[in-house]
Amino acid sequence: MTQLLQAPSSPTLTFHHCTSQPKSGLYVAEKSFLQSTQRHVRSLNISYAYSSSSSFTTKATSNGVSGQTPESEVLKALSQIIDPDFGTDIVSCGFVKDLLVDEGLGEVSFRLELTTPACPIKDMFEQKANEVVAALPWVKKVNVTMSAQPAKPMYAGQLPAGLQTISNIIAVSSCKGGVGKSTVAVNLAYTLADMGARVGIFDADVYGPSLPTMVSPENRILEMNAEKRTIIPTEYMGVKLVSFGFAGQGRAIMRGPMVSGVINQLLTTTEWGELDYLVIDMPPGTGDIQLTLCQVVPLTAAVIVTTPQKLAFIDVAKGVRMFSKLKVPCIAVVENMCHFDADGKRYYPFGRGSGSQVVQQFGIPHLFDLPIQPTLSASGDSGMPEVVADPQGEVARTFQELGVCVVQQCAKIRQQVSTAVSYDRSIKAIKVKVPDSDEEFYLHPATVRRNDRSAQSVDEWTGEQKLQYSDIPDDIEPEEIRPLGNYAVEITWPDGFNQIAPYDQLQMMERLVEVPQLTPA
């Protein structure tokens, strides 16, 4: 059953060239395209049908009028529930699945499929869904089941087999040793696991691996799958673990290129299985190892760890700039060892302000303070994370807040990236809304294709344009658009060409502006 929304009978559509953008022969949107698109849109008389399984169908209609059905009543009731992270109702988010209605018996059943099993408000969603549907006068019984989307990476490219079923990869970094980065990484991972997520930890510090000291798995040696030539991670309290310290080699004594190869092998050939979050404990610095990790692995986001001293801030700033250049969002700052309480007073032995300075200077939205607490240090040495040893303590509460932040920010990032670039077939234009930007604009498909800057289109040595204007037909349409990490999309064209289109490049192309949306009558 469906609820029909009628589009206006004669929507007007006006395209203009954006005079603020640079112009060249490649940036010109064709007049014939604009005229044909205007004629096409004016002739539209379409109603959009919303199915109970949260998928869309389109039907031609003369007036778009339909009666209220039990299914549409249920969906209308559920649309009152707003996801606070996305700012959209759960029906529009596509969370409502498998809707079944028996009006005669007054029974309604459906499934809410959330973006992650660690959703901090999943109980609220379930309660509200029961309440709003049960409030319908003909409903006598409501059956709501909760689930989460299958683990899948945000990156569209060819990933190693071990990384293809990991939804989010979080880097915990400081670029300076001794600030408690490993402590934060391990406790964050076990907090996410306690929230219901499937989690793994990768200790990327080959020179001084910390993970073997901070956790106590029964099997302390990594095993190999000889047939598949893959690594089987060890496990402790439901969290999968990989570290060079579990390889039976102790600490590495080798040069940088060899270390990069070891880290790459450990990370990409491990059988991680389905994970909602893989937490990477990054090694100190911004050298080859860090760049290799950032470029090989599709990082979803980074958490920055610092201490109150000015010296820590200087090194942390380098790391934040590195992530910025690599288009990895920094979502939170953890200021460790910032204070302790004694005699009813709070003391700041290392000064104040490093964490807030990072937040203010780089615009990172969230700051978390960790106190100087003997149990936090002792738990790291004992092999049991503090959030496991004392789940109700002050430290555990701080990590719970950090965990909620990570879950929410990763969901936002994935949602922004998945909808950043799309193709609107009704007006034959590519819609662009770059993550972390309120700007939305449209591009001519042929303009995008003609502005490819790869070696197939432009000579790498001379800069000579190999792809000619006439090589691309005016009416070309993309077959598929897929996210490529946090910085670009991969567009598949009818001629089989896969174009990498960075957001920065799309923002510089000639735009089609003043494109009104089709609005329901």
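The structure displayed is predicted, hence computed values, not measured ones.

The rules behind each value
Residues numbered from 1 in each chain as written. Predicted model: local features only at pLDDT ≥ 70, side-chain atom pairs only at ≥ 80, totals over all residues. Heavy atoms only, no water. Pairing = 2+ DSSP bridges. Helix = DSSP H or I, 4+ residues; strand = E, 2+ residues; numbered from the N terminus. 1 Å grid on protein atoms, 1.4 Å probe; cavity = no way out; pocket = protein on both sides within 12 Å on 5 of 7 lines; lining within 4 Å. Points joined across faces, edges and corners; volume = space filled by probe spheres on them. Nonpolar A, V, L, I, M, F, W, Y, C, P; charged D, E, K, R; others polar. Axes fitted to C-alpha atoms, helices over the stretch in contact; angles between N-to-C directions. Salt bridge = Lys/Arg side-chain N within 4 Å of Asp/Glu carboxyl O. Buried < 20%, exposed > 50% of the residue type's maximum accessible area, 1.4 Å probe, protein only. Phe/Tyr/Trp six-rings, centres within 6.5 Å; stacked < 30°, edge-to-face > 60°. Lys NZ or Arg CZ within 6 Å of the ring centre and 35° of its normal. pLDDT = per-residue confidence, 0-100. Contact = heavy atoms within 4.5 Å. Expected span 1.5 Å × (residues − 1). Arc of directions from axis to C-beta.

(A) Local environment of the pairing of strand β7 (residues 107-114). Where strand β6 (residues 96-102) lies against β7, 5 bridges are found, and the strand directions are antiparallel. Its bridge partner being in β7, V101 is matched across the sheet by V108. Relative to strand β8 (residues 141-148), β7 runs parallel, the two being bridged by 8 bridges. Among the inter-strand pairings, R111 is bridged to a residue of β8, identified as T145.

(B) Here's a closer look at empty space enclosed by the protein. Going through the model one piece at a time under the given rule, you end up with 2 cavities of 30 Å³ or more. By volume, the largest cavity amounts to about 70 Å³. As for the largest cavity, its lining consists of D83, D85, F86, F95, L114, T115, T116, C119, P120, V407, Q408 and A411. The residue makeup of the lining of the largest cavity, split by class, is 7 nonpolar, 3 polar and 2 charged. In terms of lining residues, the second largest cavity is bounded by I263, N264, L267, T268, T292, L293, V296 and V297.

(C) Region of the structure containing the sheet that holds strand β10 (residues 199-203). Spatial ordering of the open sheet is given by β13-β14-β10-β15-β9-β16-β17-β20, a layout of 8 strands whose pairing is mixed. Two strands close off the open sheet at either side, each with one partner strand: β13 (234-236) and β20 (367-369). Taking each pair of neighbouring strands and ignoring which way they run, the sheet shows an average axis angle of 25°. Bridging between β10 and strand β15 (residues 275-281) involves 5 bridges; their strand directions are parallel. The partner of G200 across the bridge, within β15, is L278.

(D) The pattern of salt bridges, seen in detail. This structure, assessed with the given rule, holds 15 salt bridges. The partner of R111 in a salt bridge is E113, with the nearest N and O atoms 3.3 Å apart. R111 gets classed as partly exposed once you look at its relative accessible area, which sits at 21%. R450 is paired through a salt bridge with D474; the nearest N and O atoms lie 3.2 Å apart.

(E) Seen up close, the packing of aromatic side chains. Throughout the structure, instances matching the rule amount to 3 aromatic pairs. Considering the side-chain rings of Y190 and Y236, the 6.2 Å spacing of their centres and the 70° angle between planes classify their relative orientation as edge-to-face. Of this pair, Y190 sits in helix α4 (residues 181-194) while Y236 sits in strand β13, and the two are 46 residues apart along the sequence. Aromatic pair F340 and Y347: ring centres 5.4 Å apart, planes at 20°, arrangement stacked. Classification of Y347 by relative accessible area gives partly exposed; the value is 34%. The positively charged end of R450 is found above the aromatic ring belonging to Y469, 3.9 Å away from the centroid. Above the face of the F441 ring, R511 is positioned so that its terminal group lies 4.0 Å from the ring centre.

(F) Quick peek at the confidence of the model for the protein. With 83% of its residues at a pLDDT of 70 or more, the protein has an overall mean of 80. Note that pLDDT drops below 50 for residues 1-66; the model gives that stretch 148 contacts with residues more than four away or on any other chain.

(G) Main features of unusual backbone geometry. One non-glycine residue, D98, lies in the positive phi region at around 55°. Along the chain, D98 turns up in strand β6. On the basis of relative accessible area, D98 is assigned to the partly exposed category, the value being 47%. Residues other than glycine seldom take positive phi values, yet R229 does so here, at roughly 55°.

(H) A look at the environment of P209. In this structure, P209 sits in the loop between β10 and α5 (211-214). Sequence separation between P209 and P283 is 74 residues; the distance between their C-alpha atoms is 8.9 Å.

(I) Just the sheet that holds strand β22 (residues 429-432), in detail. With respect to topology, 3 strands assemble into an open sheet ordered β21-β22-β23, the strand pairing being antiparallel. Bordering the open sheet on either side are β21 (421-424) and β23 (441-443), each of which pairs with just one other strand. When strand polarity is set aside, the average angle formed by the axes of neighbouring strands in this sheet is 35°.

(J) The layout of surface pockets, seen in detail. By volume, the second largest pocket is sized at about 650 Å³. Contributing to the lining of the second largest pocket are 24 residues, with V328, P329, C330, P435 and D436 lying nearest its centre. Secondary-structure elements contributing two or more residues to the lining of the second largest pocket are α8 (310-325), β17 (330-335), α12 (394-418) and α14 (503-507). For the lining of the second largest pocket, the element with the most residues is α12, which contributes 5 residues.

(K) Molecular detail of the side chain of T492. Topologically, T492 is positioned in strand β25 (residues 488-492). The buried category is assigned to T492, whose relative accessible area is 13%.

(L) Representation of helix α3 (residues 122-134). In this model α3 runs 18 Å from its N-terminal to its C-terminal C-alpha over 13 residues, within 8% of the 18 Å that 1.5 Å per residue would give. Listed as buried for α3 are F125, A129, V132 and V133. Take α3 and look down its axis: the buried residues cluster within an arc of 90°, on one side only. Its buried side turned inward, α3 meets α2 (70-78), β4 (82-83), β7 and β8.

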